[in-house]
Amino acid sequence: MNQIVVGHLFPDYLNIYADRGNIAVLGRRADWRGYELQVEALGAGSTVRPGEHDLFYIGGGQDREQALIAPELARLGPSLRAAFADGAAFLGVCGGYQLLGHFYRDQSGEELPGVGLLPLHTLAGSRRMIGDVLLECSLEPAERRTLAGFENHAGRTLLDDGAEPLGRVVAGFGNDGESGYEGCRLGRAIGTYLHGPLLPRNPWLADWLLAQAVAHRTGEAPSFVPLPDELERQAHAVSAQRAETRGGRF
């Protein structure tokens, strides 16, 4: 069986938004397509060896957990950026999304260092942005899709000039409640506030990430045969409807 290797960054600390559900979805969908998903936990003292990982995943955590692991994560920054340059895919969710950027600045002005992979920084806000959210995005040319999920964050994430958002907000708050955009996309790297978890209700994104991971290993992204995702489509539809009818409002 072909293998896909995932580096799960600090899973013991960044795991509060059902993040392990994303790993479970990747594992099952990989298996259905003849791939074995090997997941390696990467925490304090870990090293990222060149070419070893096809996909990196980092989930969400409370401010305390983020502060605890930020220095160690930043230490891995050069290796993670090198892995990205070598073609590895990335998915960062909520707090993990913030820490893939340049820095996170809390309300006291203290800054947590980031990996410096995604072109963005995050500033703590005084009000939380909570609710269902729906995005319209296009990861491939002329292929428009929707992403549905849940957001719960006080951070206002600001993209660098010229940076590409993951999607346009149809309903909900998004990165900052003002720009009309959510998340960030840089090549094979994606960061987003959508959790709950993200991938069970958005299986097309799981498949896109798996294809990018395979492309890192083989040099070419496969064309996956569609799976019978009836339950997944229902979950997406319910989440999208909730966002459209009661998406987050200040």
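Residues numbered from 1 in each chain as written. Predicted model: local features only at pLDDT ≥ 70, side-chain atom pairs only at ≥ 80, totals over all residues. Heavy atoms only, no water.

J.: Before we go on, may I ask you to explain empty space enclosed by the protein in this structure?
T.: Here the structure, examined in full by the defined rule, presents 1 cavity of 30 Å³ or more. Its boundaries defined by the atoms lining it, the largest cavity holds a volume of some 30 Å³. Around the largest cavity, the lining residues are Val48, Arg49, Gly51, Glu52, His53, Phe56, Ala83, Asp86, Ala88 and His216. Considering only residue class, the lining of the largest cavity consists of 4 nonpolar, 3 polar and 3 charged. (1 Å grid on protein atoms, 1.4 Å probe; cavity = no way out; pocket = protein on both sides within 12 Å on 5 of 7 lines; lining within 4 Å. Points joined across faces, edges and corners; volume = space filled by probe spheres on them. Nonpolar A, V, L, I, M, F, W, Y, C, P; charged D, E, K, R; others polar.)

J.: What should I look at first to understand helix H2 (residues 63-75) in this one?
T.: The end-to-end C-alpha distance of H2 is 19 Å, a good match for the 18 Å that 13 residues give at a rise of 1.5 Å each. Burial in H2 covers these residues: Glu65, Gln66, Ile69, Ala70 and Leu73. On its buried face, H2 is in contact with strand E1 (2-9), strand E3 (55-58), helix H3 (77-85), helix H4 (95-99) and strand E6 (111-113). (Helix = DSSP H or I, 4+ residues; strand = E, 2+ residues; numbered from the N terminus. Expected span 1.5 Å × (residues − 1). Buried < 20%, exposed > 50% of the residue type's maximum accessible area, 1.4 Å probe, protein only. Contact = heavy atoms within 4.5 Å.)

J.: Even after reading the chapter, I still don't get the side chain of Gln212, so can you show me in this structure?
T.: Residue position: Gln212 is located in helix H5 (residues 203-218). Leaving out residues up to four positions away in the same chain, Gln212 has contacts with Gly87, Ala89, Glu140 and Arg188.

J.: When you look at the layout of surface pockets in this model, what are you seeing that I'm missing?
T.: Left-over empty space is what a probe sized like a water molecule reveals as it rolls over the atoms. Approximately 550 Å³ is the volume attributed to the largest pocket. Along its surface, the largest pocket is lined by 23 residues, and Arg145, Pro203, Trp204, Asp207 and Trp208 are the ones closest to its centre. Of the residues contributing to the lining of the largest pocket, the split by class is 10 nonpolar, 3 polar and 10 charged. In this structure, the second largest pocket encloses a volume near 220 Å³. The wall of the second largest pocket is formed by 18 residues, among which Asp63, Gln66, Tyr104, Arg128 and Ala154 lie closest to the centre.

J.: What exactly am I supposed to notice about the environment of Arg75 here?
T.: You can see Arg75 is positioned in helix H2. On a C-alpha basis, the gap between Arg75 and Gly114 in space is 9.2 Å, while along the polypeptide they are 39 residues apart. In contact with Arg75, other than residues within four places in its own chain, are Gly45 and Ser46.

J.: Please explain the environment of Pro119 as it appears in this structure.
T.: Topologically, Pro119 is positioned in the loop between E6 and strand E7 (120-140). When the C-alpha atoms of Pro119 and Val133 are compared, they prove to be 22 Å apart, with 14 residues separating the residues in sequence. Once you skip the residues sitting within four places of it in the chain, Pro119 turns out to touch His102, Leu158, Leu159, Asp160, Ala163, Cys184 and Leu186.

J.: Explanation requested: the sheet that holds strand E11 (residues 184-186) in the structure shown.
T.: Picture the strands of a sheet paired through backbone hydrogen bonds; they go either parallel or antiparallel. Spatially, the 6 strands line up as an open sheet ordered E2-E1-E3-E4-E12-E11, and their pairing is mixed. Sheet topology places strand E2 (35-42) and E11 at the edges, where each strand pairs with a single neighbour. When the angles between neighbouring strand axes are averaged without regard to direction, this sheet yields 15°. Here strand E4 (residues 89-93) pairs with strand E12 (residues 189-192) via 4 bridges, running parallel. Considered in E12, the bridge of Val93 is made with Thr192. Packed on one face of the sheet, H5 meets E1, E2, E3, E4, E11 and E12 and runs near 110° to E1. (Pairing = 2+ DSSP bridges. Axes fitted to C-alpha atoms, helices over the stretch in contact; angles between N-to-C directions.)

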